[in-house]
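Structure at a glance
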Amino acid sequence: MSVFTPVSDAALSDWLANYAIGRLVELRGISAGVQNSNFFVTTRLGRYVLTLFETMPRSELPFYLHLMAHLARHGLPVPAPIADLDNEYLGTLSGKPAVLVRRLSGASDMAPDAARCRKMGTMLAGLHLAGQRFGRRQLNPRGAQWRERTAEAVRPYLVADEQRLLDAELRFQASIDVSALPEGVIHADAFRDNVLWDEDQIGGVIDFYFAGNDALLFDLAVTVNDWCSQPGGELNAERTRALLRGYHAERPLTAAERTAWPAMLRAAALRFWLSRAEDFHLPRSGEMVLVKDPNEYRDLLHLRIAAGDSLPWVD
Ligand SMILES: Nc1ncnc2c1ncn2[C@@H]1O[C@H](COP(=O)(O)OP(=O)(O)OP(=O)(O)O)[C@@H](O)[C@H]1O
Ligand SMILES: N[C@@H](CCO)C(=O)O
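Residues numbered from 1 in each chain as written. Chains lettered and ligands numbered in written order. Predicted model: local features only at pLDDT ≥ 70, side-chain atom pairs only at ≥ 80, totals over all residues. Heavy atoms only, no water.

In the annotation of an unreviewed UniProt entry, the entry for the protein reads Homoserine kinase, and the organism field reads Nitrogeniibacter mangrovi. The UniProt entry for the protein carries the following text under Pathway (unreviewed entry): "Amino-acid biosynthesis; L-threonine biosynthesis; L-threonine from L-aspartate: step 4/5." (UniProt positions renumbered as here; feature names shortened; annotations may be inferred.)

This is how it looks when you write it as structure tokens:
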């Protein structure tokens, strides 16, 4: 369920009077997604998605909206926000911060083949290259500081083996020098369900609300862990190499990134183990988070540690 705050046709019609996209033709709630209220909106001039932000503070939203506008200006298929007649992206509807973005075409593919993984690598490099010139900066909200804080909060809920794994991994990650890694704005949640395929092209990359500045390689690791893991969790070498090659052809990976690759795959696995464990053990009242299985990413972390240095790379 993803419509938490209702919007009536009448309220939306009034709101749209301050936009240049024509009168309302159809309003329909979207049944996927767990963070915000989303609606498909058709007007006389086109198709859009209306998002009402349920929990994110209004002050944090301009970073994301301007990032999406910036990436869209660079030709990437991301949801460009629509400005109202006062030239503002962010409005208020049903008492919530609200934005209209362009509706993109396609559907997600939960079993992408190597050719699609390669295209995803190309897309991620494009996002990183365009992001280099983005004028705003915000640290990855799920970066190193968040990791420490969240680990402390969820640790009491873990069993002894899990606590040992967590403590050892936090020590390991704290020992990694990331200063030589190229950094920039990363999507940070480019899972398969956030990418829409239109025939064999990527029609959309959505859900930028975890974006921030961090090592670009971390984004690649998040993406590879989700796109290229086999059912047991081990990386599929063909798909991993395809994704990395697609990326490398656009933004060549450096020697420092090669060295840091195993550690980044572990950092990415830890990040999603922690966020899922937090959602599971410490659900915040008033937040409607669909809890995904934390054990999947705990087990992925075990596997990446066990793999040591023998993980697929571009070569
Ligand atoms: N710009 C867009 N164009 C086309 N479809 C979209 C767009 N934005 C969202 N959708 C559709 O709405 C669904 C829910 O959106 P989204 O994933 O952003 O929800 P959310 O609740 O904000 O985030 P989460 O994925 O964390 O639950 C997507 O799976 C997709 O089908
Ligand atoms: N991609 C996240 C969900 C939040 O967007 C996860 O799988 O835990």
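1. Quick look at the pattern of salt bridges
Within this structure, the stated rule accounts for 14 salt bridges. Put simply, R155 and D167 hold a salt bridge, and the shortest N to O gap is 2.6 Å. One end of the pair, R155, is in the loop between α4 (144-154) and α5 (160-174); the other, D167, is in helix α5, and 12 residues separate them in sequence. With relative accessibility at 31%, the residue R155 sits in the partly exposed group. With a relative accessible area of 23%, D167 lands in the partly exposed category. Residue D299 pairs with R298 through a salt bridge whose shortest N-O separation is 3.0 Å. (Salt bridge = Lys/Arg side-chain N within 4 Å of Asp/Glu carboxyl O. Helix = DSSP H or I, 4+ residues; strand = E, 2+ residues; numbered from the N terminus. Buried < 20%, exposed > 50% of the residue type's maximum accessible area, 1.4 Å probe, protein only.)

2. So, the domain arrangement of the protein
By domain assignment, the protein separates into domain 1 (9-102) and domain 2 (114-307). The interface of domain 1 with domain 2 comprises 22 residues on the first partner and 28 residues on the second. Both sides together, the interface formed by domain 1 and domain 2 hides about 2,000 Å², and carbon and sulfur atoms give 73% of it. Remark: the boundary between domain 1 and domain 2 carries 0 salt bridges. Linking domain 1 with domain 2 are 4 residue pairs in polar contact (both at pLDDT 80 or more), by the criterion used here. For the side of domain 1 that touches domain 2, the class distribution of residues is 15 nonpolar, 6 polar and 1 charged. (Domains from an automatic or database assignment. Contact = heavy atoms within 4.5 Å. Buried area = accessible area lost by both parts, 1.4 Å probe. Polar contact = N/O pair within 3.5 Å; in protein donor to acceptor, adjacent residues only side chain to side chain. Nonpolar A, V, L, I, M, F, W, Y, C, P; charged D, E, K, R; others polar.)

3. Remarks on the packing of aromatic side chains
Given two aromatic rings, one states the distance between the centres and the angle between the planes to describe the pair. The tally for this structure, following the rule as stated, stands at 10 aromatic pairs. Taken together, a centroid distance of 5.2 Å and an interplanar angle of 80° make the contact between F53 and Y209 edge-to-face. With F53 in the loop between β3 (46-52) and α2 (61-73) and Y209 in the loop between β8 (201-205) and β9 (212-215), this residue pair connects regions lying 156 residues apart in the sequence. In terms of burial, F53 and Y209 fall into one category: buried. Members of the aromatic cluster, joined through ring pairs, are F53, F63, Y64, F134 and Y209. One Lys or Arg, R266, reaches over the ring of F172 and ends 3.6 Å from the middle of that ring. Between R271 and the ring centre of W146, over which it is positioned, the NZ or CZ distance is 5.6 Å. (Phe/Tyr/Trp six-rings, centres within 6.5 Å; stacked < 30°, edge-to-face > 60°. Lys NZ or Arg CZ within 6 Å of the ring centre and 35° of its normal.)

4. Section: unusual backbone geometry
Phi is positive for N87, which is not a glycine, with a value near 75°. Locating N87 in the fold gives a position in the loop between α2 and β4 (91-93).

5. Description of the nonpolar core
M120, L127, L220, W261 and W273 are the most contacted members of the largest nonpolar core, which totals 81 residues. Taken domain by domain, the makeup of this core includes at least three residues from each of domain 1 (9-102) and domain 2 (114-307). The residues contacting L220, other than those within four sequence positions of it, are L124, L243, L244, Y247, L253 and W261. (Core = buried A, V, L, I, M, F, W, Y, C linked by side-chain atoms within 4.5 Å.)

6. Structural notes on helix α6 (residues 216-227)
Compared with the 16 Å implied by 1.5 Å per residue over 12 residues, the 17 Å span of α6 between its first and last C-alpha is a close match. For α6, a buried count of 12 out of 12 residues is recorded, marking the element as mostly surrounded by other parts of the structure. Taken residue by residue, α6 has L216, L217, F218, D219, L220, A221, V222, T223, V224, N225, D226 and W227 as its buried positions. (Expected span 1.5 Å × (residues − 1).)

7. Some thoughts on the side chain of S275
With respect to the helices and strands, S275 occurs in helix α8 (residues 255-281). Reaching out from S275, the side chain makes a polar contact with the backbone oxygen of F272 at a distance of 3.5 Å.

8. A short note on the pairing of strand β5 (residues 96-102)
Burial of β5 is extensive: 5 of the 7 residues sit out of reach of the surface. As paired elements, β3 and β5 share 5 bridges and run antiparallel to each other. Residue pairing in the sheet places V49 in a bridge with V101 of β5. Sheet topology places β4 next to β5; 3 bridges connect them, and they run antiparallel. (Pairing = 2+ DSSP bridges.)

9. A short note on helix α1 (residues 9-16)
Within α1, the full set of buried residues consists of L12, W15 and L16. Down the axis, α1 shows its buried residues gathered within 95° of arc, on one side only. Residues of α1 that are exposed and point over 90 degrees away from its buried face: A10 and D14. Check the buried side of α1 and you find it contacts β1 (24-29), β2 (37-43), β3, β4 and β5. (Arc of directions from axis to C-beta.)

10. So, the site of ligand 2
In the vicinity of ligand 2, the contacting residues are D189, F191, F210, F272, R276 and K292. Measuring from an oxygen atom of ligand 2, one finds a side-chain N or O atom of R276 at 2.6 Å. One of the side-chain N or O atoms of K292 is found 3.5 Å from an oxygen atom in ligand 2. Contact with the protein chains covers 83% of the free accessible surface of ligand 2, which is 260 Å². (Near = heavy atom within 4 Å. Areas by Shrake-Rupley, 256 points an atom, 1.4 Å probe, with all protein chains shown as cover.)

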